[in-house]
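# Reading the structure
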Amino acid sequence: METNTGREIADALGVLLKRSTRIELHRALTAGMGEAVDELTYPVLSGLARTGPLSAAELAPDVGLDRSGVTRRASRLEAAGLVRREPDPSDKRATLLTLTDEGERTVEVLRRRLADHITAVLSSWPPAEAAAFAAHLRRFVASGIFA
């Protein structure tokens, strides 16, 4: 593989991983979802959907926030009925954040919106190229530094 290919991929990943890129995407995905669901709370909802119940401290590194940032966002989501706090069975002093049924339904809507957005972007690609891209991206993520 040419070193230029690695650089091109690194540059593209740099754009995808930029905080401003993520915020704009999260803002678009959460538009009209209600006051508690926005670009700030999206990472907490998405993170809990990926990981299952966790404490704010455990979730923080996964979503790129500190514990207090997760706690503030979780409080907004809790007030909206999307997240609840439960005692941690392994540590009676700690609480776990978990999605409510409504929170799970909200995440499903957000995931569908994201999939629809990606499908729209790929709609101008030949179907075989879009399928190959999906397969190669899945392989790259599973076998690379992201695994």
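Structure: above.
Conventions used here
Residues numbered from 1 in each chain as written. Predicted model: local features only at pLDDT ≥ 70, side-chain atom pairs only at ≥ 80, totals over all residues. Heavy atoms only, no water. Buried < 20%, exposed > 50% of the residue type's maximum accessible area, 1.4 Å probe, protein only. Helix = DSSP H or I, 4+ residues; strand = E, 2+ residues; numbered from the N terminus. Arc of directions from axis to C-beta. Contact = heavy atoms within 4.5 Å. Phe/Tyr/Trp six-rings, centres within 6.5 Å; stacked < 30°, edge-to-face > 60°. 1 Å grid on protein atoms, 1.4 Å probe; cavity = no way out; pocket = protein on both sides within 12 Å on 5 of 7 lines; lining within 4 Å. Points joined across faces, edges and corners; volume = space filled by probe spheres on them.

Within helix 4 (residues 56-63), the full set of buried residues consists of A56, L59, A60 and V63. Taken around the axis of helix 4, the buried residues stretch over an arc of 120 degrees, which confines them to a single face. Structurally, helix 4 contributes buried residues whose contacts are with helix 3 (42-51), helix 5 (67-79) and strand 2 (91-99). Looking at the residues trailing helix 4, positive phi occurs at G64, about 75 degrees.

This part covers the packing of aromatic side chains. Applying the stated criterion to the full structure yields 1 aromatic pair. Between W125 and F133, the aromatic rings sit 5.4 Å apart at their centres with planes inclined by 65 degrees, giving edge-to-face as the arrangement.

Right, let's get into the layout of surface pockets. Considered as a void within the structure, the largest pocket measures approximately 2,100 Å³ in volume. Surrounding the largest pocket, 45 residues form its lining, L13, L16, L17, I118 and L137 being those nearest its centre. Of all the secondary structure elements, the ones that give two or more residues to the lining of the largest pocket are helix 1 (3-17), helix 2 (19-30), helix 3, helix 4, helix 6 (101-122) and helix 7 (127-143).

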